[in-house]
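Below, each chain spelled out in residue letters.
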Amino acid sequence: MDITVTQRQKKFCDAQAFEVLYGGAAGGGKSYGQIIDAFLYAMKYPRSKQIIFRRTLPELEKSLIRVSLALYPQSVYSYRKADHTGTFVNGSLIDFAYCDSEEDVYRYQSAEYDVIRFDELTHFTESMYLYMLSRCRGVNGYPKHVKSSTNPGGIGHSWVKKRFIDCCAPDTVTKAGELTRMFIPARVTDNRFLMKSDPQYVKRLRSLSDRDRRALLNGSWDITDGRFFEEFDRSVHVLCAFEVPREWRRYVSLDYGLDMLAAYKIAVDDGGRAYVTAEVYEGKDNGGDGLIVSQAAERIKELCKGDEIYAVFAPPDLWSRQKDSGKSIAGLFLENGVSLTRVMSARVAGWMALKEWLHVTDDEAGGQTARLRIFDSCQNLIRAMSLLQCDSHNPADSAGVPHELTHAPDALRYFIAGQPRPAEKAPAAYKYGFSFEKQLSPFDSEKQMIII
Ligand SMILES: Nc1ncnc2c1ncn2[C@@H]1O[C@H](COP(=O)(O)OP(=O)(O)OP(=O)(O)O)[C@@H](O)[C@H]1O
Ligand SMILES: [Mg+2]
């Protein structure tokens, strides 16, 4: 194979640590580095066995398989599509593999490899990676390695960062127990082939969102780590509690099961901005006892504390009838004095709508704001919003595990799906500081003063 390599690619090929990560900017030459290194190893060590993973089969076919077919000389290499295996004239082989689900790693239960490679390591879970480490073995005396390449970001960002970036000085072999690790940072400017053939590439990376620019252009690992609500920023979305004006429209939105009740009181002002003002978060997932419907209804009434509530939004599964009683949970809530409003919320569309409400914009005072904000007393919601992860297969959906983190964001999603309406516009006098008015809300016939 007649190919020139970059300095960084050479470092990756020469790296002698047991675990190596070549990670950073997009286009740094990482995947090419893997393919070149795999070739050199295969040729140097006859009958050696390597495996190279991408998370999904289409990604594998479009990237690594395609590049290896383009680069490896046909005189020494042939590829069998049926089992995704490439073989060399000296008996070496490379298995091209993917790992859609956690269970997929068990396909390799009795396999042995001299080198195991992961491209886009942050697309994998830590357990997949750790399981495959045990497959790196053999009696042929060849050096054994697990060599990975990746961009920052993705569901595995956090564990990859902890394993390689937080504890290894760049370009240095570091001891990790009995074994060794090495992190080789990738920069886009390392790749002079790309710089020369596509000088606009860096400009395009510069125009990305702040987070993507930092990850893909700078190769920065100090970005969020697969969080589902990337836009969620405590300094914008969380605020100290204040007295909510009486005329603002109040809603409750809840997620309920025998394991957990997550219910939120949410006030909407006349500009359509929403404030999550109070929460009930109680059940087994929170270390307590599950609440039966009558108990849950009591908690919701306490949450409302005499406020007029426009609607109590709840997911449609509460309307399915129980086999034994023939009654639905929503029916039981009604018997206990809480009338629920059913909302339909397709998950991905629901999340997209919620993300619109969380979208950060500049405010008139030169700061930042969002349409939906949360009082700092709603600790469980705030925690879940900052910790909930993306689903490993569908980044547009949230992860179902840990299950405990799903209840509070789900309740918020039902609130948006319920299409809450703004409070009635205050009369003109309101603009000037205060007004004395009757019936600002349909529920409120008392005279009141509004201070703005
Ligand atoms: N040694 C090389 N010789 C010639 N071209 C190269 C070489 N290394 C990389 N390139 C070119 O640079 C492009 C980007 O390289 P590569 O796909 O390896 O980057 P990457 O770091 O894996 O990018 P991404 O982060 O997007 O996965 C390749 O498509 C190829 O055209
Ligand atoms: Mg790549």
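Predicted model only: the values in this text are computed from it and were never measured.

Peer 1: Looking at this structure, how should I read the sheet that holds strand β11 (residues 249-257)?
Peer 2: Sheet strands pair via backbone hydrogen bonds, and the direction of the pair is either parallel or antiparallel. A sheet is described by the order of its strands in space; here 7 strands give the open sequence β10-β18-β13-β12-β11-β14-β15, paired in mixed fashion. Among the strands making up the open sheet, the edge pair consists of β10 (238-239) and β15 (341-342). The pairing of strand β14 (residues 311-314) with β15 spans 2 bridges and is classified as parallel. Following the sheet pairing, phenylalanine 313 is matched in β15 by threonine 341. Across the sheet, helix α13 (residues 379-387) lies against β10, β12 (260-268), β13 (274-283) and β18 (372-375), angled at about 95° from β13, the strand it touches most.

Peer 1: Help me out: how do you make sense of unusual backbone geometry in this one?
Peer 2: Most peptide bonds adopt trans geometry, and most residues besides glycine take a negative phi value. Of note, the bond from valine 401 into proline 402 is cis; its omega dihedral lies within 30 degrees of zero at -10°. Mapping proline 402 onto the fold places it in the loop between α13 and α14 (407-417). One non-glycine residue, histidine 84, lies in positive phi territory at about 55°. Tracing the chain through its elements places histidine 84 in the loop between β3 (77-80) and β4 (85-88). In this structure, lysine 305 is a non-glycine residue whose phi angle is positive, near 40°. With respect to the helices and strands, lysine 305 occurs in the loop between α10 (293-304) and β14.

Peer 1: Mind showing me how you'd approach the environment of alanine 311 here?
Peer 2: Structurally, the position occupied by alanine 311 is in strand β14. Once the C-alpha coordinates of alanine 311 and valine 236 are considered, the two residues, 75 residues apart in sequence, prove to be 27 Å apart. In this structure alanine 311 touches Tyr251, Thr341 and Gly418, once residues within four positions along its chain are discounted.

Peer 1: Help me understand the site of ligand 1, please; the structure alone is not making it clear to me.
Peer 2: By nearness alone, 17 residues border ligand 1, and Ala26, Lys30, Ser31, Tyr32 and Phe193 come closest of all. When contributions to the shell around ligand 1 are tallied by element, the ones reaching two or more residues are α2 (30-44) and α6 (192-197). The greatest single-element share of the shell around ligand 1, amounting to 3 residues, is contributed by α2. Residue classes in the shell around ligand 1 are distributed as 7 nonpolar, 9 polar and 1 charged.

Peer 1: It is not clear to me how helix α5 (residues 157-165) should be interpreted in this structure. Could you clarify?
Peer 2: For the α-helix, the turn length of 3.6 residues means that residues three or four positions removed from each other point alike. Burial in α5 covers these residues: His157, Val160, Lys161, Arg163 and Phe164. Check the buried side of α5 and you find it contacts β1 (19-24), β7 (145-150) and β9 (179-186).

Peer 1: Explain the environment of leucine 318 here, please?
Peer 2: Tracing the sequence through the fold places leucine 318 in the loop between β14 and α11 (329-335). On the basis of neighbour count, leucine 318 is assigned to the partly exposed category, with 19 C-beta atoms found within 10 Å. For the pair formed by leucine 318 and valine 276, sequence separation is 42 residues and the distance between their alpha carbons is 23 Å. The contacts of leucine 318, once residues within four sequence positions are left out, are Tyr256, Ser328, Ile329, Ala330 and Leu340.

Peer 1: Looking at this structure, how should I read the environment of glutamine 50?
Peer 2: Positionally, glutamine 50 belongs in strand β2 (residues 49-54). A count of 24 C-beta atoms within 10 Å places glutamine 50 in the buried class. Considered as a pair, glutamine 50 and phenylalanine 375 are 325 residues apart in the sequence and their alpha carbons are 53 Å apart. When sequence neighbours within four positions are dropped, the list of residues in contact with glutamine 50 reads Ala38, Tyr41, Ala42, Ile94, Tyr113, Asp114, Val115 and Arg117.

Peer 1: Would you take a moment to explain the nonpolar core for this structure?
Peer 2: Within soluble globular proteins, side chains that are nonpolar generally end up buried alongside one another. By size, the foremost hydrophobic cluster in this structure holds 59 residues, and its most contacted members are Leu254, Ala263, Tyr264 and Ile300. Among the elements that line this core, the one with the most residues is β12, at 8 residues. With sequence-adjacent residues up to four places away left out, leucine 254 is seen in contact with Leu261, Ala262, Ala263, Ile300, Val312, Ala314 and Ala411. Ile52, Leu60, Phe124 and Ile223 belong to the second largest nonpolar core, which has 51 residues in total.

Peer 1: Looking at this structure, I do not really get α2. What am I missing?
Peer 2: Over its 15 residues, α2 runs 21 Å from end to end, which matches the ideal 21 Å to within 8%, given 1.5 Å per residue. Across the 15 residues of α2, 11 count as buried, placing the element largely inside the fold. Along α2, the residues that are buried comprise Lys30, Tyr32, Gly33, Gln34, Ile35, Ile36, Asp37, Ala38, Phe39, Tyr41 and Ala42.

Basis of the calculations
- Residues numbered from 1 in each chain as written.
- Chains lettered and ligands numbered in written order.
- Predicted model: local features only at pLDDT ≥ 70, side-chain atom pairs only at ≥ 80, totals over all residues.
- Pairing = 2+ DSSP bridges.
- Helix = DSSP H or I, 4+ residues; strand = E, 2+ residues; numbered from the N terminus.
- Contact = placed C-beta atoms within 7 Å.
- Axes fitted to C-alpha atoms, helices over the stretch in contact; angles between N-to-C directions.
- Near = placed C-beta within 6 Å.
- Nonpolar A, V, L, I, M, F, W, Y, C, P; charged D, E, K, R; others polar.
- Buried ≥ 20, exposed ≤ 12 C-beta atoms within 10 Å, placed from the backbone.
- Core = buried A, V, L, I, M, F, W, Y, C linked by C-beta atoms within 7 Å.
- Expected span 1.5 Å × (residues − 1).

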